[in-house]
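# Breakdown of the fold
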Amino acid sequence: MLYPRESETREVRALDGIWNFVRSDEANPTQGIRDGWFNDDLSKSMPTIPMPVPASYNDITTEQALRDHVGTVWYDRKFFVPRSWGQHQRVWLRFGSVHYEAFVWINGQSAIKHEMGHLPFETEVTHLLKYGAENRITVMCDNALIQTTVPQGKISEVANDQGVTIIQSYTFDFFNYAGIHRSVHLYTTPKTFIEEVEIKTNLSEDNSVGTVNYSIAVNGTAANEADNTLYARLQLYSREGILVANATSDSKLLGSLKVENVKPWWPYLMHPDPGYLYELEIKLYAAKEQLLDVYRLSVGLRTLSWNNTSFLINGKPVYFRGFGRHEDADVRGKGLDNALMTRDFNLLKWIGANAYRTSHYPYSEESMQFADQHGIMIIDECPSVDTENFNQVLLDKHKSSLEQLVHRDRNHPSVVMWSIANEPRTGQLNADTYFQFVANFTRSLDSTRPITAAIAVPSKDDKAGRHLDIISFNRYNAWYSNTGRLDMVTQRVINEATAWNYKYDKPVIMAEYGADTLEGLHLQPSYVWSEEFQAEVFSQHFKAFDALRRQKWFIGEFVWNFADFKTAQSYTRVGGNKKGVFTRARQPKAAAHLLRQRYFALGREMDKCNLPSDLFTYIADVGSNVQHDSSDL
Ligand code: GCB
């Protein structure tokens, strides 16, 4: 699915802004459907409140009932469609994401239904719109998670002081934010248009010549009537706007472009000019040079390869230094926020990270574009978290989530790996065949990237790792196990990573480690929840990572978490999960400075990157040959 972009042949209009909103009665979630709330303005059926789009609805009001609501909510708004859109073109409605299930009507007529949070969906609405007139869009969104949704949850009825109430429970800890999380777009295409583009890139062994292999899928009547007459002309421009390659496709709309003296796409700090992107202009023609459609997309040329000891980009081994993250913020919840996204990328670069995992669901398309531009490598995770009770319905939806994800993200150079699950219960017997299906399916969609999953069961119990290319494991030494024991971290991390490698003979990543830390809490000697403790937990892990790095097959370290985030209420969480290196307001805790020194030191050692001038604070004018020991005190 292509991101909506304007061009000579396309127009894009966002429907973001303030919509009208109704929370359904939890005990009567289908009332709006039965009473046909979509047939007229919502306000004619129920009192409405203003609700921003994009945003999660949970934290917008002061009502506990809305924050913790389970079931359906309704949105609507009016919009104009220009008269000109009614002629010689088609109009599409596209949602960046609605969590979890969405039902959409245009002018009272059903337009589309979609199940799965964090992923885009679209439909043609040409025939549903009124041109040169006002239109209405109505959306019903359902946040209920059950055993056959991805991720899974449970709904139960529990007695309360008023009788019974509906409780949504889930085993993952992040808050189940819901609503219209990303932008809503209307866009036009010509009648026959470029529907899909798949790009695969290659480099010569010395990285001097690049190849862009493309395949284009067309939608439209011209394709059906006169297949053989369609062709595409492609032009590749450098960042500086210079034409570096061009090609004319065959009638199957396949082909390749060759780029001499190519500038490969490199990760941040692995090269002085990371995130180099070309612009590919695709023009679709019918016979007699009739231009049908134009679409442009960014292309980064790079190769990925992997074996049982390493992961290489452009032939060079990669060591990942990064984070697990969340799309999460005060007030907005999981709503797309360009200011926050830009701040986050500035912080990633400030701290010297070169990667993150989109734990535990796909992140916004806008953030994927940012990652391409900044050279941040992405381990792209589907929304399967804590998966258990494996069954066929779940398997089909899990596969569908990966199909949607791969189709959305396959052209991003920043995406270097697919993560097919976080902490699935892979000790269970049927996890073996379940993950065999999921992994093979993902490989059938894209064989150019390795597959991983973040596993938390002990390696001896795991039944999924053999289906992966790279093993990622999550472990909280000195936090969930041996709480407070800084002397029980280093050797345990070394032992566990070694056990994973011994069992599967594959590269290993530590995908999560960390400690909850209350900003501003200082305790010396360090004590759990203090800023000192977080820094010391990190340092004990660093020792393990350095010992493991010497083994070659250990290829990355990911802190949990980039920033503090909201969770469901629990006595283990003080206002949310506080394992952030940054606060929820995106300010550094003490450990951020330590991590920054490590990430840049690793970049310096491995990739000869420059160090920022403020990395080490001036302390004293002592020569490096001055020796200190305790007798100096
Ligand atoms: C984990 C999960 C992550 C949690 C984290 C924690 O293992 O993968 O989603 O937030 O632990 O802090 O408990």
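Residues numbered from 1 in each chain as written. Predicted model: local features only at pLDDT ≥ 70, side-chain atom pairs only at ≥ 80, totals over all residues. Heavy atoms only, no water.

### Some details on the sheet that holds strand β1 (residues 12–14)
Taken together, four strands build an open sheet; the order of strands is β1-β14-β5-β9 and the sheet is antiparallel. Two strands lie at the open edges of the sheet, namely β1 and β9 (121–124), each paired on one side alone. Across this sheet, the average inter-strand angle for adjacent strands is 20 degrees, counted without regard to direction. Relative to strand β14 (residues 184–190), strand β5 (residues 89–95) runs antiparallel, the two sharing seven bridges. The partner of F95 across the bridge, within β14, is V184. (Pairing = 2+ DSSP bridges. Helix = DSSP H or I, 4+ residues; strand = E, 2+ residues; numbered from the N terminus. Axes fitted to C-alpha atoms, helices over the stretch in contact; angles between N-to-C directions.)

### What to know about the site of the ligand
Around the ligand sit 13 residues, and of these H360, E423, Y480, E512 and K579 come closest. Contact distances for the ligand include 2.7 Å between an oxygen atom and a side-chain N or O atom of H360. Across the complex, the protein chains shield 91% of the 320 Å² of accessible surface that the ligand would expose by itself. Class assignment for the residues of the shell around the ligand results in four nonpolar, four polar and five charged. (Near = heavy atom within 4 Å. Polar contact = N/O pair within 3.5 Å; in protein donor to acceptor, adjacent residues only side chain to side chain. Areas by Shrake-Rupley, 256 points an atom, 1.4 Å probe, with all protein chains shown as cover. Nonpolar A, V, L, I, M, F, W, Y, C, P; charged D, E, K, R; others polar.)

### Comments concerning helix α8 (residues 431–445)
The end-to-end C-alpha distance of α8, which contains 15 residues, comes to 21 Å, matching closely the 21 Å that a straight helix rising 1.5 Å per residue would cover. As for α8, its buried residues are in contact with α7 (392–409), β28 (415–422) and β29 (451–455). (Expected span 1.5 Å × (residues − 1). Contact = heavy atoms within 4.5 Å.)

### Section: the domain arrangement of the protein chain
Along its sequence, the protein chain is carved into domain 1 (11–143 + 178–190), domain 2 (192–299) and domain 3 (317–607). Measuring from the centre of the C-alpha atoms in domain 2 to the corresponding centre in domain 3 gives 33 Å. Listed per partner, the contact involves 16 residues of domain 2 and 23 residues of domain 3. Surface buried jointly by domain 2 and domain 3 totals about 1,500 Å² across both partners, of which 60% is contributed by carbon and sulfur atoms. It is W265, Y268 and L269 that lose the most area in domain 2 upon contact with domain 3, and together they represent 43% of the buried surface on that side. Our enumeration of links across domain 2 and domain 3 arrives at two salt bridges. The salt bridge involving E196 is made with R410; its shortest N-O contact spans 3.2 Å. Our enumeration of links across domain 2 and domain 3 arrives at six residue pairs in polar contact (both at pLDDT 80 or more). Only β15 (193–203) and β21 (290–299) provide two or more residues apiece to the side of domain 2 that touches domain 3. (Domains from an automatic or database assignment. Buried area = accessible area lost by both parts, 1.4 Å probe. Salt bridge = Lys/Arg side-chain N within 4 Å of Asp/Glu carboxyl O.)

### What about the UniProt feature "domain: Glycosyl hydrolases family 2 sugar binding" (unreviewed entry) in the protein chain?
The sites that carry the UniProt feature "domain: Glycosyl hydrolases family 2 sugar binding" (unreviewed entry) are, in the present numbering, residues 13–190. For residues 13–190, helix accounts for 7% and strand for 47%, while the C-alpha atoms at its two ends are 16 Å apart. (UniProt positions renumbered as here; feature names shortened; annotations may be inferred.)

### With respect to the packing of helix α9 (residues 490–504) against helix α10 (residues 531–549)
At a closest axis distance of 8 Å, the pairing of α9 and α10 adopts a crossing angle of 40 degrees. Comparing their axes, α10 and α9 come out oblique. For the crossing formed where α9 meets α10, the hand is right-handed. Contacts from T490, V493, I494, A497 and T498 of α9 reach α10 at Q540, H541, K543, A544, F545, A547 and L548. Among the residues making up the contact of α9 with α10, the classes are represented as seven nonpolar, four polar and one charged. (Parallel < 35°, antiparallel > 145°, perpendicular 65-115°, else oblique. Left-handed = near helix turned anticlockwise from the far one by under 90°.)

### Some words on the sheet that holds strand β4 (residues 72–81)
The six strands are arranged β3-β2-β4-β10-β7-β8 in an open sheet whose pairing can be described as antiparallel. At either margin of the open sheet sits one strand with a lone partner, and together these are β3 (49–53) and β8 (109–115). Strand after strand, the sheet turns through a mean of 30 degrees between neighbouring axes, direction not considered.

### Some remarks on the environment of Q109
The residue Q109 is located in strand β8 in this model. The partly exposed category is assigned to Q109, whose relative accessible area is 44%. A C-alpha to C-alpha distance of 10.0 Å links Q109 and R136, two positions 27 residues apart in sequence. Not counting the four nearest positions on each side in its chain, Q109 is found in contact with V104 and L128. (Buried < 20%, exposed > 50% of the residue type's maximum accessible area, 1.4 Å probe, protein only.)

### Thoughts on the packing of aromatic side chains
According to the stated counting rule, one finds 37 aromatic pairs in the structure shown. Measuring from ring centre to ring centre gives 6.0 Å for Y356 and Y363, while their planes differ by 25 degrees; the resulting arrangement is stacked. Y356 gets classed as buried once you look at its relative accessible area, which sits at 0%. Here the aromatic rings of F538 and F542 are separated by 6.3 Å at their centres, their planes lie at 50 degrees, and the arrangement is tilted. Residue F538 and its partner F542 are both found in helix α10; the two are separated by four residues, about one turn of the helix. (Phe/Tyr/Trp six-rings, centres within 6.5 Å; stacked < 30°, edge-to-face > 60°.)

### Some remarks on unusual backbone geometry
Here the residue pair V53 and P54 is connected by a cis peptide bond, since its omega of 5 degrees sits within 30 degrees of zero. As for its placement among the helices and strands, P54 is situated in the loop between β3 and α3 (64–67). Cis geometry is found at the peptide bond from Q524 to P525, where omega equals 5 degrees. Here P525 lies in the loop between β31 (508–512) and α10. One non-glycine residue, N107, adopts positive backbone phi at about 50 degrees. Along the polypeptide, N107 turns up in the loop between β7 (101–106) and β8. Unusually for a residue other than glycine, L269 sits at a positive phi of about 70 degrees. By the secondary structure assignment, L269 is in the loop between β19 (254–259) and β20 (278–286). The exposure class assigned to L269 is buried, which follows from its relative accessible area of 11%.

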